[in-house]
Amino acid sequence: MNNDSFVWRHGDRTPVWDYPGDPNANYSWPAGPGELTPRGAVQHKRLGRILRNISFCAPPLFQRAISSAQADMSGFFPNLGNGSLPEPSYRGRIPIHTFPVKTDPAFVPSCPNYDIKQQEYIDSMRPEVMRKFGHLIDLIYTKTGLNVTLNSFDPYNIYDLLHIQRDIYHLTVPDWVTPQVMYDLKQFSIWRISTMVGFGSPPSTEIIRFKGEMLKEILQRFEDKLACLQNPQTPDANCSFLGPLKFYAYSSHDTTVCSVLASLGSYPAIPGHYTHYTICVVLELWMRDGIPYIKIKLRPTQWGQFHIFTQFTTGCPSDEFCDFQTFKNRSLPYLPRNVKLECGLG
């Protein structure tokens, strides 16, 4: 028996914003701001061909995550419709479930205590970060008028926009956007995401825990699944649903995938510390000789294959499998008891 939980990033999308003086501000993109492109749909259809036997859920934070899920389904079930995207003939036949924002495990809309801890965390690294990236902040302000701060997500937004324009769609960008500037922007962006999920220098268990709600839900589902296997009449467990369940997936965003990997302790093992389109992490529940185990896999890029990633999980042996109780015990420090109370939301 194995039961899989997948978390993946959406595929290629259009830019979310532009900056003052952006020469490509009026470019005719193939979709609206921040939406999945035909290129992204093909990327997810390719991922979908790898994945089978699905019970599927997708948080609704942005339409591109749902569109990625729909594209994935055309790869899961290639005989439904003619394979073109979008495909209304299969879209209604394969349910894509979403959660209200208030109950979505992938998204806490407001977390005052997290914001306070983030500020303290960034302040502890400020001298070193300014030494490395202060020149970049000055350059961006000089060239665009944007007042970038370490607490904002601007470094990532700027890199993301220029990367899409320059490297994916091969548009003309300003002369100041040199290969060195792009490299520095990428490193700045990686630093910002790392601090957001608690993997700055040094890592912060407290911040990781604020982002641990998804791992908590995955673990709970695995525990309920095991309870159903032992006793199909287990109270408070929907065994009619969980009993035959083989696959549960979250179509989400790069920061969501990073948060899951941070709560596993394997964030530093991401190739280049960068989450490409369609990056996908899998947590598998196995039974071996009557004992439950966890196996973790990662597909880092749209062209990559899944490979074993369990050995990078802190607290687990350097092996393909981590026994479930060991995995649960190592995860406890990274799981919020009640994320909304811990956030200070009452």
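Note that the structure is predicted; figures quoted are calculated from it, not measured.

### Quick notes on the overall build of the chain
Stage number 1. A tally of regular secondary structure across the chain gives twelve helices and six strands.
Stage number 2. The burial tally for the chain puts 52% of its 346 residues in the buried class.
Stage number 3. Contacts spanning at least 24 positions in sequence make up 71% of the contacts within the chain whose residues lie at least 6 apart.
Stage number 4. Accessible surface for the chain amounts to roughly 15,500 Å². Of this, 53% is attributable to carbon and sulfur atoms.

### What to know about the confidence of the model for the chain
Stage number 1. A residue-level look at the chain finds 80% of positions with pLDDT of 70 or above and a mean pLDDT of 83.
Stage number 2. Helix α3 (residues 88–91) is the least confidently modelled element of the chain, averaging 41 in pLDDT, while helix α11 (residues 324–331) averages 97, the highest of any element.
Stage number 3. When the criterion is pLDDT under 50, residues 53–61 qualifies, and its contacts beyond four places in sequence or with other chains add up to 46 contacts.
Stage number 4. Counting interchain partners and residues more than four positions distant, the pLDDT-below-50 stretch residues 82–92 has 17 contacts.

### Examining the packing of aromatic side chains
For any two aromatic rings, the description comes down to two numbers: the centre-to-centre distance and the angle of the planes.
Stage number 1. A full pass over the atoms with the stated rule returns 13 aromatic pairs.
Stage number 2. Ring geometry for F188 versus W191: centroids 6.1 Å apart, planes at 35°, classification tilted. With F188 and W191 both in helix α6 (residues 179–196) and three residues apart, this pair spans about one turn of that helix. Judged on exposure class, the residue F188 and its partner W191 are both buried.
Stage number 3. Feature note: the residues Y27, W29 and Y169 constitute an aromatic cluster, connected by ring pairs.
Stage number 4. The ring of Y274 carries K186 above its face, with NZ or CZ at 4.7 Å from the centroid.

### Examining α11
Stage number 1. Inspection of α11 places F324, F327, R330 and S331 among the buried residues, and these make up the whole buried set. An end-on view of α11 places all buried positions within 135° of arc, on one side of the element.
Stage number 2. Buried positions along α11 lie against α8 (213–230), α10 (254–264), β3 (280–288), β4 (291–299) and β6 (322–323).

### Digging into the side chain of Q118
Stage number 1. Mapped onto the elements of the fold, Q118 is located in helix α4 (residues 112–144).
Stage number 2. Residues within four places of Q118 in sequence aside, it is in contact with R192, T195, M196 and I207.

### Let's talk about the nonpolar core
Stage number 1. Core analysis: the biggest nonpolar cluster contains 73 residues, and L162, F188, L261, Y267, V281, L283 and F327 have the highest contact counts within it.
Stage number 2. By residue number, the principal contributor to this core is α4, which donates nine residues.
Stage number 3. Ignoring any residue separated from it by four or fewer positions in sequence, one finds L162 in contact with Y19, D167, V173, W176, V177, M182 and L185.
Stage number 4. Ranked by size, the runner-up nonpolar core spans seven residues in total, among them F6, L47, F247 and C280.

What counts, and at which threshold
Residues numbered from 1 in each chain as written. Predicted model: local features only at pLDDT ≥ 70, side-chain atom pairs only at ≥ 80, totals over all residues. Heavy atoms only, no water. Helix = DSSP H or I, 4+ residues; strand = E, 2+ residues; numbered from the N terminus. Buried < 20%, exposed > 50% of the residue type's maximum accessible area, 1.4 Å probe, protein only. Contact = heavy atoms within 4.5 Å. Areas by Shrake-Rupley, 256 points an atom, 1.4 Å probe, with all protein chains shown as cover. pLDDT = per-residue confidence, 0-100. Phe/Tyr/Trp six-rings, centres within 6.5 Å; stacked < 30°, edge-to-face > 60°. Lys NZ or Arg CZ within 6 Å of the ring centre and 35° of its normal. Arc of directions from axis to C-beta. Core = buried A, V, L, I, M, F, W, Y, C linked by side-chain atoms within 4.5 Å.

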